Amino acid sequence: MSCCSIAPLYRSTEEQPTPIQAVVTGSIPEWLQGRFIRVGPGLFEIDDFTVNHWFDGFAVLYKFEIKNGKVTFMKKFLQSDAYKKAMVAKKPVYTEFGTKAYTDTTKSMFSRVISAVIPDLTDNCGVNIFSYKDHVFCGSESPMLREINPENLDTLDKIDLTKVGANMMSSHFLQDSHGDLYTIATEIFTSANYSVIKVPATDSNTPFKKAQALCSISPYSKGPSTYHSFAATDNYIVLIEQPLTLNMLKIISFHIKGRSLYDCTEWQPHLLNKFTIIDKRSGKVMPTPYMSTKPFFLCHQINCYEEDNQLVVDFIDYDSPALFEQMFLNVVRQDKWNVSGGGCGQRFVLPIIQPGQKAEEGKNLVTLKTSATAECRQGVIHLTGHQLTTDRGYEQPSINRNFHGKKYRYCYASGMIDCSPLRNSIVKVDTDTGAMTLWKDSDTAFPGEPYFEARPGATEEDDGILLVPVTNTDPGVRDCLVFLDPRTLQEVGRASVDSHVPNVMHGIFLPFK
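Residues numbered from 1 in each chain as written. Predicted model: local features only at pLDDT ≥ 70, side-chain atom pairs only at ≥ 80, totals over all residues. Heavy atoms only, no water.

Colleague: How would you explain the overall build of the chain if you had to name every residue and give the values?
Modeller: When you go through the chain residue by residue, the secondary structure sums to six helices and 38 strands. The C-alpha atoms of the chain give a radius of gyration of 22 Å, which matches the 24 Å a tight globule of 513 residues would have. By its C-alpha atoms, the chain is 65 × 60 × 50 Å across when sized along the principal axes. Per-residue burial over the chain gives 61% buried out of 513 residues. Sequence separation of at least 24 residues holds for 61% of the intrachain contacts in the chain that already meet a minimum separation of 6. Treating the 51 positive side-chain charges of the chain as one cloud and the 58 negative ones as another, the clouds have centres 3 Å apart. (Helix = DSSP H or I, 4+ residues; strand = E, 2+ residues; numbered from the N terminus. Rg over C-alpha atoms; globule rule 2.2 N^0.38 Å. Buried < 20%, exposed > 50% of the residue type's maximum accessible area, 1.4 Å probe, protein only. Contact = heavy atoms within 4.5 Å. Lys, Arg positive; Asp, Glu negative; His and termini not counted. Charge placed at Lys NZ, Arg CZ, Asp CG, Glu CD.)

Here you go:
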């Protein structure tokens, strides 16, 4: 199939600090009142310097505010230290994913020497956005978070989680029904171990002040795995180590040697994926090892739930991390994107083996209705997955948040830029049947991550509204926010704006109180 150019998706955007009125067509549900805020890479050039990778762009925030059927739009750059110092130095001064750090001209010579040995970690938090205890935070794989004001998108305090042993971190945090917040972190400069970070629900007035590491987990390979997200229920956390690992010798000298984070990663397809279960109640690591029967790469979890003493773990998988290589700006801006075998929903089922319990050897331990298997051989549970759909080529999964950590049925995702039949589409996946429903506007309209907002009082899982940001590469067509009926993926309305809606990563909807 012929594909329209994706290059315009990866241009720098500009600020729109004063809210502008959107043109609304169709209808917006009366109950939908709030702020839809998204974050991601937005600025790639500083004067004549261009960062290398899409992930390296300086973070931009944008907001669609929905009130009484009317919609306004605004956007601002995150005023991180990384952004402000780069504006002075005219280059990044923190190591980013694909761009090395340059000299920080705001520092004294002595401070520069110290930073070469113990490098500062970026607060360019352009990956994820989440709320906790009436606070809104932006994050990335760095342990530095930035709080923002959801009313005007102003940048507030910086939160440093290195105090709990985090040098790298999942940008995705998960909050359970008890109100506790969790993420996964890696301590790089000494042990290279993983830890589960818990922010207790009692930490209400000063979020993250009582953050603590629940446990320490040693990598099973020479270097720790990279990860972007993790799976969790109310009782358990599942960490999936993958064959994309960090070379520790390169990591500890990345600043001195002028390396980017990507330069320190290694894809090792001879390794398998290891699943580790952590009991959230005790903080103990379950002793039984779980290994995949073939290697895979993943970024995003879909959901995880418990059923019949088994953990169902759903995520988007790939055969390799080739998409990381394809996201360099000199690739996407020249329309050289060519990832074969795009992302696809995959289900693994892990029988929960308690300490002191032994699994029966040589038998499929999965009792649920699925083709996924779990077989114990010499004390190791070997896992094979179940592909949720026949077609591949979708990412950025979203579900009804009321079903996080619980048994669910529906997932929504974006076909985005893959040159596949799902390109330019929003996909609804029925995880029970594998059936797919599609919505598509045009070949030049690129929908971002869909966001499901449940209707107040709804009893059905797919009763709500799907918010879909759309960036159009046709300069004659306005960018917009589309509202879809999640049951059918039929469009019910849209809000179009005379401003660039940048192609960013993740978002959050904050209802008015």
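Colleague: A description of the side chain of threonine 431 should follow, citing residues and the corresponding values.
Modeller: Here threonine 431 is to be found in the loop between β31 (425-430) and β32 (436-440). Residue threonine 431 is classed as buried on the basis of its relative accessible area, which comes to 5%. Polar contacts involving the side chain of threonine 431 include one to the main-chain carbonyl oxygen of arginine 409, which spans 2.8 Å. Setting aside its immediate chain neighbours within four residues, threonine 431 contacts Arg347, Leu388, Tyr408 and Arg409. (Polar contact = N/O pair within 3.5 Å; in protein donor to acceptor, adjacent residues only side chain to side chain.)

Colleague: Account for unusual backbone geometry, naming residues and giving values.
Modeller: Although it is not a glycine, leucine 153 adopts a positive phi angle of roughly 65 degrees. Not every positive phi belongs to a glycine, and glutamine 378 is a case in point at roughly 55 degrees. Tracing the backbone through its elements, the reader meets glutamine 378 in the loop between β26 (373-377) and β27 (380-384).

Colleague: Just give me the short version of the environment of serine 229, but keep the residues and values in it.
Modeller: Within the secondary structure, serine 229 sits in the loop between β16 (212-217) and β17 (231-232). Accessibility expressed as a relative area gives 10% for serine 229, which makes it buried. Between the C-alpha atoms of serine 229 and valine 380, which are 151 residues apart in sequence, the distance is 24 Å. For serine 229, the residues in contact, after removing those within four places along its chain, are Ser170, His172, Cys299, His300 and Gln301. A polar side-chain atom of serine 229 sits 3.1 Å from the main-chain amide nitrogen of glutamine 301.

Colleague: Which residues make up empty space enclosed by the protein, and what values go with them?
Modeller: The full count for this structure, using the stated rule, is five cavities of 30 Å³ or more. Taken as a whole, the second largest cavity spans an internal volume of roughly 50 Å³. Here the lining of the second largest cavity is composed, by residue class, of five nonpolar, three polar and one charged. (1 Å grid on protein atoms, 1.4 Å probe; cavity = no way out; pocket = protein on both sides within 12 Å on 5 of 7 lines; lining within 4 Å. Points joined across faces, edges and corners; volume = space filled by probe spheres on them. Nonpolar A, V, L, I, M, F, W, Y, C, P; charged D, E, K, R; others polar.)

Colleague: Tell me about the pairing of strand β23 (residues 297-307), and name the residues and values.
Modeller: The buried count for β23 comes to nine of 11 residues, which makes it a mostly enclosed element. Two elements, β23 and strand β24 (residues 310-318), share eight bridges in a ladder whose sense is antiparallel. Across the sheet, the residue bridging to glutamine 301 is phenylalanine 315, located in β24. The hairpin turn running from β23 into β24, its antiparallel successor, is two residues long, and aspartate 308 in that turn takes a positive phi close to 50 degrees. (Pairing = 2+ DSSP bridges.)

Colleague: Just give me the short version of the side chain of glutamine 242, but keep the residues and values in it.
Modeller: Relative to the elements of secondary structure, glutamine 242 occurs in the loop between β18 (236-241) and β19 (244-246). Reaching out from glutamine 242, the side chain makes a polar contact with the backbone oxygen of threonine 226 at a distance of 3.0 Å. There is a polar contact of 2.8 Å between the side chain of glutamine 242 and the backbone nitrogen of leucine 298. Those residues within four positions of glutamine 242 in sequence are excluded, and the remaining contacts are Ser225, Thr226, Tyr227, Asn273, Phe296, Phe297 and Leu298.

Colleague: How would you summarise the nonpolar core if you had to cite specific residues and measurements?
Modeller: By size, the foremost hydrophobic cluster in this structure holds 66 residues, and its most contacted members are Tyr10, Val238, Phe275 and Leu350. Not counting chain neighbours up to four residues away, the residues in contact with valine 238 comprise Phe230, Ala231, Phe275, Thr276, Ile277, Cys304, Leu311, Val313 and Leu350. Core analysis: the second largest hydrophobic core is formed by 44 residues, Met74, Leu481, Val497 and Ile508 among them. (Core = buried A, V, L, I, M, F, W, Y, C linked by side-chain atoms within 4.5 Å.)

Colleague: Can you lay out the sheet that holds strand β21 (residues 274-279) for me, pointing to particular residues and giving the numbers?
Modeller: One open sheet accounts for six strands, arranged β17-β18-β21-β22-β27-β26; its pairing is mixed. Strands at the two margins of the open sheet, each flanked by one partner only, are β17 and β26. When β26 meets β27, the two strands line up antiparallel, connected through five bridges. Residue pairing in the sheet places cysteine 376 in a bridge with isoleucine 381 of β27.

Colleague: Requested: an account of helix α1 (residues 81-89), with residues and values cited.
Modeller: Since there are 3.6 residues in each turn of an α-helix, residues three or four apart along the chain are aligned in direction. Listed as buried for α1 are Ala82, Tyr83, Lys85, Ala86 and Ala89. Against β3 (34-43), β4 (45-46), β6 (58-67) and β7 (70-77) lie the buried residues of α1. Looking one or two places after α1, you find lysine 90, whose phi comes out positive at around 70 degrees.

Colleague: An account of the state of the cysteines is requested, with residue identities and associated values reported.
Modeller: Taken as a whole and assessed by the stated rule, the structure comprises zero disulfides. With no disulfide partner, cysteine 304 has as its closest neighbouring cysteine sulfur the one in cysteine 411, 14 Å distant. Taking relative accessible area as the criterion, cysteine 304 reaches 2% and is therefore assigned buried. (Disulfide = S-S within 2.5 Å.)

Colleague: Which residues make up the packing of aromatic side chains, and what values do they have?
Modeller: For the structure on display, the rule yields 29 aromatic pairs. Where tyrosine 132 meets phenylalanine 208, the ring centres are 6.5 Å apart and the plane angle is 55 degrees; that geometry is what we call tilted. With tyrosine 132 in strand β8 (residues 128-132) and phenylalanine 208 in the loop between β15 (194-199) and β16, the pair connects residues that are 76 residues apart, well separated along the chain. Since its relative accessible area comes to 1%, phenylalanine 208 is described here as buried. (Phe/Tyr/Trp six-rings, centres within 6.5 Å; stacked < 30°, edge-to-face > 60°.)

Colleague: Account for a nonpolar patch on the surface, naming residues and giving values.
Modeller: A cluster of nonpolar side chains, Phe189, Leu249 and Ile252, forms an exposed patch at the surface whose accessible area comes to about 300 Å². Looking at the secondary structure, you find phenylalanine 189 in the loop between β14 (181-186) and β15. Since its relative accessible area comes to 31%, phenylalanine 189 is described here as partly exposed. (Patch = residues over 30% accessible without salt bridge, like charges linked within 9 Å, V, L, I, M, F, W, Y side chains within 5 Å. Areas by Shrake-Rupley, 256 points an atom, 1.4 Å probe, with all protein chains shown as cover. Salt bridge = Lys/Arg side-chain N within 4 Å of Asp/Glu carboxyl O.)

Colleague: Can you break down the pattern of salt bridges residue by residue, with the values?
Modeller: Applying the stated criterion across every chain yields a total of 29 salt bridges. Residue aspartate 180 is joined to lysine 198 by a salt bridge in which the shortest nitrogen-to-oxygen separation is 3.8 Å. Of this pair, aspartate 180 sits in the loop between β13 (174-175) and β14 while lysine 198 sits in strand β15, placing them 18 residues apart in sequence. The same class applies to aspartate 180 as to lysine 198, namely buried.

Colleague: Break down the environment of isoleucine 277 for me, with residues and values.
Modeller: Position of isoleucine 277 among the secondary structure elements: in strand β21. Since its relative accessible area comes to 1%, isoleucine 277 is described here as buried. With 13 residues separating them along the chain, isoleucine 277 and tyrosine 290 place their C-alpha atoms 8.8 Å apart. In contact with isoleucine 277, not counting residues within four places along its chain, are Tyr236, Ile237, Val238, Lys284, Val285, Met286, Tyr290, Leu311 and Leu350.

These figures capture arrangement, not role.
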